[in-house]
Amino acid sequence: MELYKNQIPIGNIYYMLSYAFKDLREQNVVSVKPEEFENIHQLMAEIIIRGVSYQLKKGLLRNYESCQEELAVLRGKIDISDTINSGSLIRRKLVCSYDEYTDDTLMNRILKSVMLLLIRSEIKDNQVVELRRIIRYFSSIAEVDLFNIRWDSLAYNRNHGEYRLLMSVCRIICENMLHSTEDGDVRLISFSEENLNKLYEKFILNYYIKHYPKLKPASSEIKWAISGATGMLPKMQSDIMLTSDNRKLIIDAKFYSKSTQKHFDKDSFHSHNLYQIFTYVKNEAVNYSGNVSGMLLYAKTKNDLIPNDGASYDMNGNVITVKSLDLSGDFESIAEQLDKIAEFHIS
């Protein structure tokens, strides 16, 4: 993915993340200048450093955690079954279950494990020093397997605003950048093309949700326009759908290293992508009384062959456009391109 590392400023990756994960956008605790960093690891490390440093001033989150231990004196409740099966009585001890108020919580374990991972990644020397300083405050906290975290099970309350932000950053790292080597070592890598594609889709959808709520932006399912049971037919899930009074635009967002294909020495658009958006538009048009159009919105590549204004085709009454979004400029230019799409196709 060197192409995208060189082409897209790290600042724009940050803004894409900010829209894709609204906790980054809504929290004012962490203020960074993304243009100061050379890679995504450095950016993530800085957000973690500033967020955790702020949290340390308030105090680490503490909760009651369930513990079970073999003790010489009674504490909490006796686990009779485990006491008998483990032979604790022979040693004149009891297996006790009790709750302990501790900072060794799951969220703190995640923070510690991610910070240790960042230390071994391609970050600045001063960031390594700062992370090592912060980790000293986590000496009583265990590590956790970052591959097997149930993120949706994490519970927050109104006092956990900063933790929600930190967990969002940790989740981005764990779901998009973790890599296990053959010898079992875990390290960080840059975003893969697949994960950048997911981020790209989520960014565009959330941009429209924030700035164009009247267009009802959604990732809506498209029903098959057939009679009878759909049975084995695959589910049609749009990336982004914008709807006005009598117009609907279905956007299929694509983040590929190449936006075109070559067949018999001739450049053309990806056939399977065109077939997909054509199928989406034609099936949606059957059940919608207004006009339905479609768009393949590629992330612009260095050797992009798509015309600057895009290429549009009237396919039996429905217009399908192939267009590229230039992510290499400042964020204002990206926003302007997205605004023009919404205003031209829907307004």
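Residues numbered from 1 in each chain as written. Predicted model: local features only at pLDDT ≥ 70, side-chain atom pairs only at ≥ 80, totals over all residues. Heavy atoms only, no water.

Asks: Sorry, what's going on with the sheet that holds strand β13 (residues 311–315) here?
Replies: Pairing between the strands of a sheet comes from backbone hydrogen bonds, and it takes one of two forms, parallel or antiparallel. In spatial order, the strands read β8-β9-β12-β14-β13; together these five strands make up an open sheet with mixed pairing. Here the strands that pair on one side only, and so sit at the sheet edges, are β8 (240–243) and β13. Averaged over all pairs of adjacent strands, the angle between their axes in this sheet comes to 20°, without regard to strand direction. Bridging between strand β9 (residues 247–254) and strand β12 (residues 291–299) involves eight bridges; their strand directions are parallel. Residue K254 lies in a different strand from β12, and its bridge partner there is Y298. Contacts from helix α10 (residues 271–287) reach β8, β9, β12, β13 and β14 (318–325), with the element oriented near 155° to β12. (Pairing = 2+ DSSP bridges. Helix = DSSP H or I, 4+ residues; strand = E, 2+ residues; numbered from the N terminus. Axes fitted to C-alpha atoms, helices over the stretch in contact; angles between N-to-C directions. Contact = heavy atoms within 4.5 Å.)

Asks: Explanation requested: the nonpolar core in the structure shown.
Replies: Nonpolar side chains tend to gather and get buried jointly when the protein is soluble and globular. Counting 80 residues, the largest nonpolar core has Y200, I204 and Y208 as the members making the most contacts within it. For this core, the element with the highest residue contribution is helix α8 (residues 161–176), accounting for nine residues. I250, Y280, V281 and L296 belong to the second-largest nonpolar core, a separate cluster that totals 17 residues. (Core = buried A, V, L, I, M, F, W, Y, C linked by side-chain atoms within 4.5 Å. Buried < 20%, exposed > 50% of the residue type's maximum accessible area, 1.4 Å probe, protein only.)

Asks: Would you mind going over the environment of I119 with me for this structure?
Replies: Its place among the elements puts I119 in helix α6 (residues 106–119). If sequence neighbours within four positions are ignored, I119 has contacts with V128, L131, R132 and I135.

Asks: Help me out: how do you make sense of the environment of R75 in this one?
Replies: Relative to the helices and strands, R75 resides in the loop between β1 (63–71) and β2 (77–78). For R75, a relative accessible area of 37% corresponds to the partly exposed category. In the structure, R75 is positioned 58 residues away from R133 in sequence and 35 Å away in space, judged by C-alpha atoms. Excluding anything up to four places from it in sequence, R75 contacts C96, S97, Y98 and E100.

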